Amino acid sequence: QVQLVESGGGLVQAGGSLTLSCTASGRISTIHHMGWYRQAPGKQRELVATTEKDGATEFADSVKGRFTISGDNAMNQVTLQMNSLRPEDTAVYYCNARSRLWSAQRGNYWGQGTQVTVSS
């Protein structure tokens with residue numbers, strides 16, 4: 001199994017920055033994808049940014065130009081740099097890791113989440 005631990009959440013004023021980090025342990029050799037998702041109260045979890053083992057990245061339209069994601073090809077760490085934060089970025093942010101051939105039953109892992117609160 002894979003264990004994911006997030007850190008870096010907190011309270012920040014609009015326009016500020018935060019950096020979230022996620023560290024994976026366990027069977028990290030199986031991981032092909034790592035990323036960040038977020039869930040605000042009363043809303044479904046949504047993609048924020050992801051990175052693949054080959055370095056390809058994907059961002060939600062709402063964070064393009066403001067957030068960056070970085071990791072290494074060992075897929076044991078991923079960092080989300082969040083700049084120009086807005087109140088609508090307030091959510092619990094979850095680290096995600098997936099194997100190359102994942103399903104709902106296997107190869108899909110989640111951290112416990114870290115709270116990000118952006119005040120006006």
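Refer to the structure presented above.
It should be emphasised that the depicted structure is a prediction, and the values quoted were computed from it without experimental measurement.

Student: Looking at this structure, I do not really get the pattern of salt bridges. What am I missing?
Tutor: Where side chains of opposite charge bring their charged atoms close, a pairing between them can arise. Per the counting criterion, the structure on display carries four salt bridges. Measuring nitrogen to oxygen at the nearest pair gives 2.8 Å for the salt bridge that ties E46 to R38. According to the relative accessible area criterion, E46 is partly exposed, its value standing at 33%. R38 sits in the buried class, given a relative accessible area of 6%. Put simply, D89 and R38 hold a salt bridge, and the shortest N to O gap is 2.9 Å. With D89 in the loop between strand 8 (77-82) and strand 9 (91-99) and R38 in strand 4 (residues 31-39), this residue pair connects regions lying 51 residues apart in the sequence. Taken as a pair, D89 and R38 share a single burial class, namely buried. Here the salt bridges share partners, and the residues they tie into one network are R38, E46, R66 and D89.

Each value, and the rule that gives it
- Residues numbered from 1 in each chain as written.
- Predicted model: local features only at pLDDT ≥ 70, side-chain atom pairs only at ≥ 80, totals over all residues.
- Heavy atoms only, no water.
- Salt bridge = Lys/Arg side-chain N within 4 Å of Asp/Glu carboxyl O.
- Buried < 20%, exposed > 50% of the residue type's maximum accessible area, 1.4 Å probe, protein only.
- Helix = DSSP H or I, 4+ residues; strand = E, 2+ residues; numbered from the N terminus.

Geometric descriptors of this kind do not, in isolation, establish any biological role.
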